[in-house]
Amino acid sequence: MSNKVIFTMLSLFSIIVLGACIIGFTLSAKTPKEWWNNSFIYQVYPRSFMDSDGDGTGDLNGITSKLEHFADLNVSAIWISPIYVSPMADFGYDISNFTDIDPVFGTIEDFTNLTTRAKSLGIKVLLDFVPNHSSDEHPWFKQSVQRVKPYDDYYVWLDGKLVNGSYQPPNNWLSVFGGSAWEWSPVRQQYYLHQFTRGQPDLNFTNPLVLMEMEKILIFWIDHGVDGFRMDAVNYLIEDARFLDEPASGANVPADDYDSLDHVYSKDMDQTFVILKTWRKRIDAYSKKDKEQKLILTEAYADMESMKRFYEAGSDVPMNFMFIGQLNANSTTMEFKRAIDSWLGMVPKGHVANWVVGNHDNSRVSNRFGAGRADQLSMLTAVLPGLGIIYYGDEIGMTDREMTWNETVDPAGCNAGPERFMLKSRDPERTPFQWDDSMNAGFSTANETWLPVNDNYKQINLAKQKMEDVSHYKLLKQLVKLKKTPVVATGTTEVILVTENVLGVIRKLPDVKPVVLLVNFKNETVVVDARTWMNIPAELTVFAGSVGSGIPSEVIMDTTEIYLPAEASVILY
Ligand code: GLC
Ligand code: MG
Ligand code: CA
């Protein structure tokens, strides 16, 4: 072979390699398809965000009137919890018409107005898609009860078990909100499955007609301008067809508590992922003409293996609940490191990591971790790669408001009874947003709001935090900015145990200063040599400290000797 031929082959080879690099680069780089990467998404719980008509419950026009708030924060999108027609047995997660707006929230025109105005401000709008169940007042269910075709097979119906001459539920399955997951229909003379309240009958996802109905609903809302969906309770879609009793979990809880069983037959079934794939395909095919891909977030409190399968089945954001479910105020730095590392290691190539700070189903971050540590999670979320998801009120450090039994309205609380409601109720984290120090915290002009406003609204409110030099609000704005910087957007990530009680995260890119986060887990001041343990420059500037840490921004720090006040977090760059 002559030299010339070898040369040509070599150059051909390098062209191919170079080409592959370029293709590889464009695929993994932040194409507009991934508009959510390196951003924050803000969850709006519509009943509690802003009330425009003075009836004490938040509504769409209320959200529209406050769209500037999202633009100020510079979040990329809002996800609005259900706004569809609903008897409100589960405050909107029980839907009796999937393609219309409940009058308490407004009208379809109000929704169109909201999305149009949001678009003009550069804010994307995501809706909650609740496929697992409808309301028992949905026309499908009413006809199913009557065995009207084809609705007779839209839900999960089974005969009772005849025990000593009387009927009992088909098996021992429990509702997430406590008690049997089966409800007897005297009309149909059968039991129906409800994994949530009895007003939320589970749809039958082995029926292709049900799948078609759900696709139509997705298309309807895409036609109404939504940018994606948060898919509710997807790991409950399918049940094992044998309907066997579930084994006891061994948890020390009453027998009717959901946690008393191991849900091996009613959750996380393989077929879930097949369904998700069909939705992904359908949504993509339908929105091909749009410049940007619709976003799919999936809600499933599930193990790491399932998270990976959700990604592979087409979820862009299999919500990462580690800061809610797995880790708490008693977790060690080592447990944090292990959990974060394993998530980062699990995310399949080409996919985006995500971190959820709070939501409407769990205590607020200040209550889960203590007021002193209220900013740690949003700071971690900002510095770690990918997407952050925050819950309304997180940006001002809102706290749970304890409710009495009489004030309790959440079915999860009501079902648990007067002795245990406080362990289960989600009312405390759903109180009205605290806009200012006027009546009802500026949320509503009503005499009574649907849930009481937290008494602390005069101390904790947005207007006040906008005025203060140091506040949760100001900090969060900084964090949103930080997420978009090149180091945080594309740099390498290391999670380090700087000491037994100090967790460190470093983001690096060649030739630029790293971004470094230090989190003090301890309730006392510590002095750390971050330079040695993290291999970072001797001097870095403070980007931001947690509220209450007293660490001023923009000062230069000697990284060999950093004073970290009790429970403080600091970001250096
Ligand atoms: C999801 C929602 C929760 C709701 C349940 C039933 O877990 O986040 O609020 O009660 O699904 O739809
Ligand atoms: Mg209202
Ligand atoms: Ca189901």
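Just so it is clear, the model here is predicted, and its values are computed rather than measured.

Calculation rules
Residues numbered from 1 in each chain as written. Chains lettered and ligands numbered in written order. Predicted model: local features only at pLDDT ≥ 70, side-chain atom pairs only at ≥ 80, totals over all residues. Heavy atoms only, no water. Pairing = 2+ DSSP bridges. Helix = DSSP H or I, 4+ residues; strand = E, 2+ residues; numbered from the N terminus. Axes fitted to C-alpha atoms, helices over the stretch in contact; angles between N-to-C directions. Contact = heavy atoms within 4.5 Å. Donors = N, O, S within 2.8 Å, 3.2 Å for Na, K, Ca; no water. Buried < 20%, exposed > 50% of the residue type's maximum accessible area, 1.4 Å probe, protein only. 1 Å grid on protein atoms, 1.4 Å probe; cavity = no way out; pocket = protein on both sides within 12 Å on 5 of 7 lines; lining within 4 Å. Points joined across faces, edges and corners; volume = space filled by probe spheres on them. Nonpolar A, V, L, I, M, F, W, Y, C, P; charged D, E, K, R; others polar. Salt bridge = Lys/Arg side-chain N within 4 Å of Asp/Glu carboxyl O. Near = heavy atom within 4 Å. Polar contact = N/O pair within 3.5 Å; in protein donor to acceptor, adjacent residues only side chain to side chain. Sits in = over half its atoms within 2 Å of the grid points. Phe/Tyr/Trp six-rings, centres within 6.5 Å; stacked < 30°, edge-to-face > 60°. Lys NZ or Arg CZ within 6 Å of the ring centre and 35° of its normal. Patch = residues over 30% accessible without salt bridge, like charges linked within 9 Å, V, L, I, M, F, W, Y side chains within 5 Å. Areas by Shrake-Rupley, 256 points an atom, 1.4 Å probe, with all protein chains shown as cover. Lys, Arg positive; Asp, Glu negative; His and termini not counted. Charge placed at Lys NZ, Arg CZ, Asp CG, Glu CD.

**Q** Got a minute to help me understand the sheet that holds strand S16 (residues 492–499) in this structure?
**A** By definition, the strands of a sheet pair up through backbone hydrogen bonds, in either a parallel or an antiparallel sense. Strand order in this open sheet of 6 strands is S16-S17-S18-S23-S20-S21, and the pairing throughout is antiparallel. Strands with a single pairing partner mark the edges of an open sheet, and in this sheet they are S16 and strand S21 (556–558). When the angles between neighbouring strand axes are averaged without regard to direction, this sheet yields 30°. Pairing analysis gives 3 bridges linking strand S20 (residues 539–545) to S21, with the strands arranged antiparallel. Considered in S21, the bridge of Thr541 is made with Ile556. In the packing of helix H15 (residues 472–483) onto the sheet, the strands contacted are strand S18 (515–520), S20 and strand S23 (569–572), and the crossing angle to S20 comes to about 125°.

**Q** Any chance you could explain the coordination of the calcium ion (ligand 3) here in plain terms?
**A** In a perfect tetrahedron of four donors around a metal, the angles come out at 109.5 degrees. In a perfect octahedron of six, they are 90 or 180 degrees. Distances from the calcium ion (ligand 3) to its protein donors, Asn132 (OD1), Asp202 (OD), Tyr236 (O), Leu237 (O) and Glu239 (OE), fall within 2.2 to 3.0 Å. All donors to the calcium ion (ligand 3) come from one chain, and their sequence spacing reads N-x69-D-x33-Y-L-x1-E. Here Asn132 is found in the loop between strand S5 (124–129) and helix H5 (139–145), whereas its partner Tyr236 is found in the loop between strand S11 (228–231) and helix H7 (271–286), with 104 residues between them in sequence. We note that Asn132, like Tyr236, is buried.

**Q** Hey, could you run me through the layout of surface pockets in this one?
**A** With a probe scaled to a water molecule rolled over the atoms, the places where space remains empty come into view. Counted as a void, the largest pocket has a volume near 1200 Å³. As for the largest pocket, its lining consists of 41 residues, of which Val176, Asp361, Asn362, Lys424 and Arg426 are closest to the centre. The greatest single-element share of the lining of the largest pocket, amounting to 5 residues, is contributed by helix H13 (residues 411–424). Tallied by class, the residues present in the lining of the largest pocket amount to 16 nonpolar, 10 polar and 15 charged.

**Q** What am I meant to see in unusual backbone geometry here?
**A** Note: most peptide bonds trans; most residues except glycine with negative phi. The omega torsion of the bond from Lys149 to Pro150 falls at -5°, within 30 degrees of zero and hence cis. Of note in the backbone geometry, Asn74 takes a positive phi value of approximately 70° without being a glycine. Residue placement: Asn74 occurs in the loop between helix H3 (67–73) and strand S2 (77–80).

**Q** Which parts of the structure should I look at to understand the pattern of salt bridges?
**A** Applying the stated criterion to the full structure yields 29 salt bridges. The partner of Arg230 in a salt bridge is Asp128, with the nearest N and O atoms 2.9 Å apart. Of this pair, Arg230 sits in strand S11 while Asp128 sits in strand S5, and the two are 102 residues apart along the sequence. As far as burial versus exposure is concerned, Arg230 and Asp128 are alike and both buried. The salt bridge partner of Glu183 is Arg198, with a shortest N-O separation of 3.2 Å. Residue Glu183 is found in strand S9 (residues 182–185), and its partner Arg198 is found in the loop between strand S10 (190–193) and helix H6 (208–223); the two are separated by 15 residues along the sequence. Because the salt bridges share partners, they merge into one network encompassing Asp90, Asp361, Asp410, Arg426 and Arg430.

**Q** What is the right way to look at the site of ligand 1 in this model?
**A** If you check the shell around ligand 1, you find 14 residues, and the closest are Asp90, Asp232, Glu299, His360 and Asp361. Within the side chain of Asp232, an N or O atom sits 2.9 Å from an oxygen atom of ligand 1. When each cavity is represented as a set of grid points, ligand 1 is found to reside in the largest pocket. Classifying every residue of the shell around ligand 1 gives 4 nonpolar, 3 polar and 7 charged.

**Q** I keep staring at the packing of aromatic side chains and nothing clicks. Help me out?
**A** Here a ring pair, both rings aromatic, is described through the centre-centre distance and the interplanar angle of the planes. Taken as a whole and assessed by the stated rule, the structure comprises 41 aromatic pairs. Look at Trp184 and Tyr191: their rings are 5.0 Å apart centre to centre, the planes differ by 65°, and that puts the pair in the edge-to-face class. In this structure an aromatic cluster arises from ring pairing among Tyr42, Phe49, Phe70, Tyr391, Tyr392, Phe433 and Trp435. Above the ring of Tyr286, the side-chain terminus of Lys289 is found at 4.6 Å from the ring centroid.

**Q** Would you explain a negative patch on the surface in this entry?
**A** Together, Asp268, Asp303, Glu305 and Glu312 make up a region of like negative charge exposed at the surface. Take Glu312: it is sitting in helix H8 (residues 304–312).

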